Amino acid sequence: MYGTIHISEEEYGQFAELLKNEDPEKLAEFEDRIQRGEKIEPDDWMPQLYRRQVLRMIEQHAHSEIIGALPEGTWITRAPGFRRKMALMAKVQDEIGHAQLLYSAAETLGKTREEMINDLLAGKSKYSNVFNYPAKTWADVALIGFLVDAGAIINQVTNAKGSYGPYVRALERICYEEAFHLKQGHDAFVALATGTPAQRAMIQDALNRWWQPLMHFFGPPDNISTHTKLLTRWKVKMATNDEMRQWYLDQYVPKIWELGLTLPDPALRKDPETGKWEYSDPDWDEFFRVINGDGPLNKERLAVRRWAEEHGRWIRQALQKPERSYVTPFA
Amino acid sequence: MKIISLDPRVERLEFREEHWQPQRPLTAGEQWPTYEVFHMKKRGTQPVHVGIVHAPTPEMALAFAKEQYARRGTTVRLWVVPSDQVYATSPEDEAIFATTPEKIHREPFAYKVKEKIERYKKSQKK
């Protein structure tokens, strides 16, 4: 599932501008290591651009996990039945655990957890846009567990082949746990789709509302800049957004259609000749509007996080032992 | 303006839009130092390093380690060690270990006697 961007040695010159401040000898060693398929560990030398991009990627992923727990957390008290309540509670706990794992991996690059949380709360850091939409009914929760987690798994399995050791380790554990999220989501989704006419109508309504955010999930088509090519060469970016969207459609559209449900895009079809999915372009202006803070729930999501940080502060401080100081964790 | 939420718990908090604005930022160390966590899956196996937790005390580090790293499968024991108490070789020293795989005189497969024994047995039969 590697990206399709290939750079020949002749083309390498284009990176000169981005790398002009790096020590050429160390850079060559770093690149050799990646070419050999070895991982980069926190105390290794790495180019500034690599450090910055990997940090940004892991940090956004961590933020997406804690914010992502909110739409589902809302539904724990109202989940239909004890078994679904237990499953949802376990899933929400997992998501918070994933955030912890990812913040730990990001910390190894030299940014503290406080700095990351502050940037999230100040609206400076991004998280996945999909969590700025409301879960209005139980069908939305079933859909999130199935189709949002499916997207997350494609993203995480792809990134788990990347080059940064701590991120790869965190993702292995995360992917293992996510397998349950997807299965319980699919189970809840199928229960509604094969249920009463009212239940079917509920899941169809959820699909109609969520299809656009799902099409936004992997981001807009990449502009294959010099920057992108370099990050692909360094195994930071492992696939283009469109490649991941194709894998997603290929795996999950048939699982929706087999239940006799429809998707609100008349152009959606798999071209039998190319094997590629065709679809209408989702509204990318809306995507950018939401990512810049003006989605249906951006304000509520951050207000809830702020409230949690502020109200948890006294207990964190009461437990603080001043004699033990923070050092960057090793791995 | 009041934030209207679908979540009754959020509704009860009566957030106003100004809540969205940051109040006081977290200060360094507010989320505690880290402990390295080791996990033993089964009796008779090695404890394996699985990651870190942030915690104010070793006892709380163990409680967090249970929540974080013992969520699936079996666990018989957890260890936590303050990160600042771990000493490690530096990446520049990696070369020290580079030739170890070449030192095959330390490996059982470097010692092949079967052929010699066979040859000896044959010579005795003659």
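Residues numbered from 1 in each chain as written. Chains lettered and ligands numbered in written order. Predicted model: local features only at pLDDT ≥ 70, side-chain atom pairs only at ≥ 80, totals over all residues. Heavy atoms only, no water.

1. Brief notes about the overall build of chain B
Going by this rule: Secondary structure elements are defined from DSSP: runs of H or I of at least 4 residues count as helices, runs of E of at least 2 residues count as strands, and each element is numbered from the N terminus. Taken over C-alpha atoms, the radius of gyration is set against a globule rule of 2.2 Å times the number of residues to the power 0.38. Exposure classes here rest on a 1.4 Å probe applied to the protein chains alone. A residue is buried below 20% of its type maximum, exposed above 50%, and partly exposed in between. Any two residues whose heavy atoms approach within 4.5 Å are treated as being in contact. In this count, Lys and Arg are taken as positive residues and Asp and Glu as negative ones, while His and the chain termini are left out. For charged residues, the charge sits on one atom: NZ in Lys, CZ in Arg, CG in Asp, CD in Glu.
Scanning chain B from N- to C-terminus turns up three helices and three strands. Starting at the N terminus and walking to the C terminus, you meet the elements of chain B as α-β-β-α-β-α. Relative to a compact globule of 126 residues, whose C-alpha radius of gyration would be 14 Å, chain B shows 29 Å and is clearly more extended. Here chain B holds 126 residues, and the buried ones make up 25% of them. Considering only intrachain contacts with a sequence separation of at least 6, the fraction spanning at least 24 residues in chain B is 36%. In chain B, 22 positive and 17 negative side-chain charges are present, and the distance between their average locations comes to 18 Å.

2. Observations concerning the interface of chain A and chain B
Selection criterion: Each reported salt bridge corresponds to a side-chain nitrogen of Lys or Arg within 4 Å of a carboxyl oxygen of Asp or Glu. Lys, Arg, Asp and Glu make up the charged group, whereas Ala, Val, Leu, Ile, Met, Phe, Trp, Tyr, Cys and Pro make up the nonpolar group; the residues left over, Gly among them, are polar.
At the interface, 51 residues of chain A touch 48 residues of chain B. Between chain A and chain B we count five salt bridges in total. Where R71 of chain B meets D94 of chain A, a salt bridge forms, and the shortest distance between an N and an O atom there is 2.6 Å. Of all elements in the fold, only α3 (82–107), α4 (113–121), α6 (165–193) and α11 (298–319) of chain A reach the threshold of two or more residues within the side of chain A that touches chain B. The dominant element in the side of chain A that touches chain B, judged by the number of residues it contributes, is α11 of chain A, at 14 residues. Broken down by class, the residue content of the side of chain A that touches chain B amounts to 19 nonpolar, 12 polar and 20 charged.

3. Some words on the sheet that holds strand β2 (residues 48–54) of chain B
Residue and element names in this part refer to chain B. Just so we agree on the cut-off: For two strands to pair, DSSP has to find at least two bridges joining them. Structural elements are reduced to axes, namely lines fitted to C-alpha atoms, with helices fitted over the stretch in contact, and the angle between N-to-C directions of any two is expressed from 0 to 180 degrees.
Strands sit in the order β2-β1-β3 across an open sheet of three strands; the sheet is antiparallel. Single-partner strands in this sheet number two, and they are β2 and β3 (77–82). For this sheet the average axis-to-axis angle between neighbouring strands, irrespective of direction, equals 30°. In this sheet, β3 lies alongside strand β1 (residues 34–40) in antiparallel orientation, the contact comprising six bridges. In the sheet register, Y35 faces β3, and the bridge partner there is P82.

4. Side note on helix α7 (residues 197–216) of chain A
Residues and elements named next belong to chain A. Short version of the rule: Expected helix span is given by 1.5 Å per residue-to-residue step, counting one fewer step than there are residues. What the bend at a residue measures is the angle between two axes, fitted to the seven residues ending there and to the seven starting there.
With 20 residues, α7 extends 29 Å between its outermost C-alpha atoms, agreeing within 8% with the 28 Å of an ideal straight helix rising 1.5 Å per residue. Along α7, the largest kink reaches about 45° and is centred on W210; proline P213 follows within four residues of it. Considered for burial, the residues of α7 that qualify are I203, Q204, A206, L207, W210, W211, P213, L214, M215 and H216. Of the surrounding elements, those touching the buried residues of α7 are α5 (138–159), α6, α9 (241–257) and α10 (284–294).

5. A few points about the pattern of salt bridges
Inspection of the entire model under this criterion finds 30 salt bridges over all chains. With its nearest N and O atoms 3.1 Å apart, the salt bridge here joins D205 of chain A to R209 of chain A. In this pair, D205 of chain A and R209 of chain A are both assigned in helix α7, four residues apart and thus about one turn of the helix distant. Measuring nitrogen to oxygen at the nearest pair gives 3.2 Å for the salt bridge that ties E11 of chain B to K2 of chain B.

6. What about the nonpolar core?
All names here are of chain A. Short version of the rule: Buried Ala, Val, Leu, Ile, Met, Phe, Trp, Tyr and Cys residues that are joined via side-chain atoms within 4.5 Å together make up what is termed a nonpolar core.
Core analysis: the largest hydrophobic core is formed by 105 residues, its most contacted members being Y50, L147 and W234. Counting residues per element, this core draws most heavily on α5, which supplies 13 residues. Not counting the four nearest positions on each side in its chain, L147 is found in contact with F189, L207, L214, Y248, Y252 and I256.

7. Re a nonpolar patch on the surface
In plain terms, the rule: A residue counts toward a patch only above 30% relative accessible area and without a salt bridge, and it is joined to like-charged neighbours within 9 Å or, for Val, Leu, Ile, Met, Phe, Trp and Tyr, to nonpolar neighbours within 5 Å. Only the protein chains shown count as cover for residues, with accessible areas throughout obtained via the Shrake-Rupley method and a probe of 1.4 Å.
A contiguous nonpolar surface patch, about 330 Å² in accessible area, is contributed by F82, M86 and M89 of chain A. Position of M89 of chain A relative to the elements: it lies in helix α3.

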